[in-house]
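The lines below spell out each chain.
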Amino acid sequence: MDFFALAWLIPLLPLAAFVFITLFSPFYRSRVISGSVAIVAMLFATVLAWGVLLQGATSIFAPHGEEHALLASANPSALAAEGEGEHGKIHFDGFGEAYTVSVPWTVAGESFFRFGYYIDAPVAFMLAMVTLASFCIHLFSMGYMAHDEYPPGHERQSRFFSFIALFTAAMLGMVMAD
């Protein structure tokens, strides 16, 4: 399984939990459901982040004799005209591989603003640590607030899980930004 290709899901899973908890009434009215949605989203994000870290760690020990070329065209204007993104693995000696994904987002004169993510060894380590810490915080919060009673229907606790999922998504997006 190529975890680098699935890395874009890491910040989107907590963002999806935020959207589901906020917009759908059953998630927002139940502390257990909203907390469970946030915890499950963070669990999957943590598994993906640790997969990225382990896949990157194994690439450090791979033979360094071969160079990896960009998978897409190197000409940004031709790339943007086609509407396709730029994906690639670039080898750094002793540091493993950096995985980049960059897609044209909007036109600004003759150039394009790009949207994408960049993963190298420090980013992979930060993704693994941030997702693990966030998962532990989500899990701890569920147990810590188990005996708090807020009438009616625990909306405050559901709002807490919604906002902490949004915060985690923003933090992971900042870590991965290219």
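Note: the structure precedes this text.
The rules we used
Residues numbered from 1 in each chain as written. Predicted model: local features only at pLDDT ≥ 70, side-chain atom pairs only at ≥ 80, totals over all residues. Heavy atoms only, no water. Helix = DSSP H or I, 4+ residues; strand = E, 2+ residues; numbered from the N terminus. Expected span 1.5 Å × (residues − 1). Buried < 20%, exposed > 50% of the residue type's maximum accessible area, 1.4 Å probe, protein only. Polar contact = N/O pair within 3.5 Å; in protein donor to acceptor, adjacent residues only side chain to side chain. Phe/Tyr/Trp six-rings, centres within 6.5 Å; stacked < 30°, edge-to-face > 60°. Arc of directions from axis to C-beta. Core = buried A, V, L, I, M, F, W, Y, C linked by side-chain atoms within 4.5 Å. Contact = heavy atoms within 4.5 Å.

**Observations concerning helix H5 (residues 121-144)**
Over its 24 residues, H5 extends 34 Å from the first C-alpha to the last, a length consistent with the 34 Å expected when each residue adds 1.5 Å. When we look at burial in H5, the residues that qualify are Val 123, Ala 124, Leu 127, Ala 128, Val 130, Thr 131, Ser 134, Phe 135, His 138, Ser 141 and Met 142. The backbone nitrogen of Val 123 lies 3.3 Å from a side-chain oxygen of the residue at the head of H5, namely Asp 120.

**What about the packing of aromatic side chains?**
Given two aromatic rings, their pairing is described by the distance between the two centres and the angle made by the two planes. In total, this model carries five aromatic pairs according to the counting rule given. Ring centres of Phe 140 and Tyr 144 lie 5.5 Å apart, and the angle between their planes is 25 degrees; on these two criteria the pair is classed as stacked. With Phe 140 and Tyr 144 both in helix H5, this residue pair falls four residues apart, about one helical turn. Looking at Phe 140, the relative accessible area reads 58%, which means it is exposed. By relative accessible area, which is 61% here, Tyr 144 ends up exposed. An aromatic cluster of three or more residues is present, and its members are Phe 4, Tyr 99 and Tyr 117.

**Comments concerning helix H1 (residues 9-23)**
Between its first and last C-alpha atoms H1 spans 20 Å; for 15 residues at 1.5 Å apiece the expected length is 21 Å, and the two agree. Along H1, the positions that sit buried rather than exposed are Ile 10, Pro 11, Pro 14, Ala 17, Phe 18 and Ile 21. Down the axis of H1, the smallest arc covering the buried residues is 120 degrees, so these residues share one side.

**Structural notes on the side chain of His 138**
Within the secondary structure, His 138 is located in helix H5. A distance of 2.6 Å separates a polar side-chain atom of His 138 from the backbone oxygen of Ser 134.

**Quick word on the nonpolar core**
Counting residues in hydrophobic clusters, the biggest one holds 30 residues, and the most contacted among them are Ile 10, Val 52, Ile 119 and Leu 127. Of all the secondary-structure elements, those providing two or more residues to this core are H1, helix H3 (31-60), strand S2 (96-108), strand S3 (111-119), H5 and helix H6 (155-176). Top element by residues in this core is H3. It accounts for eight residues. Discounting residues that sit within four places of it in the chain, Val 52 has contacts with Phe 3, Phe 4, Ala 7, Ile 10, Ile 119 and Ala 124.

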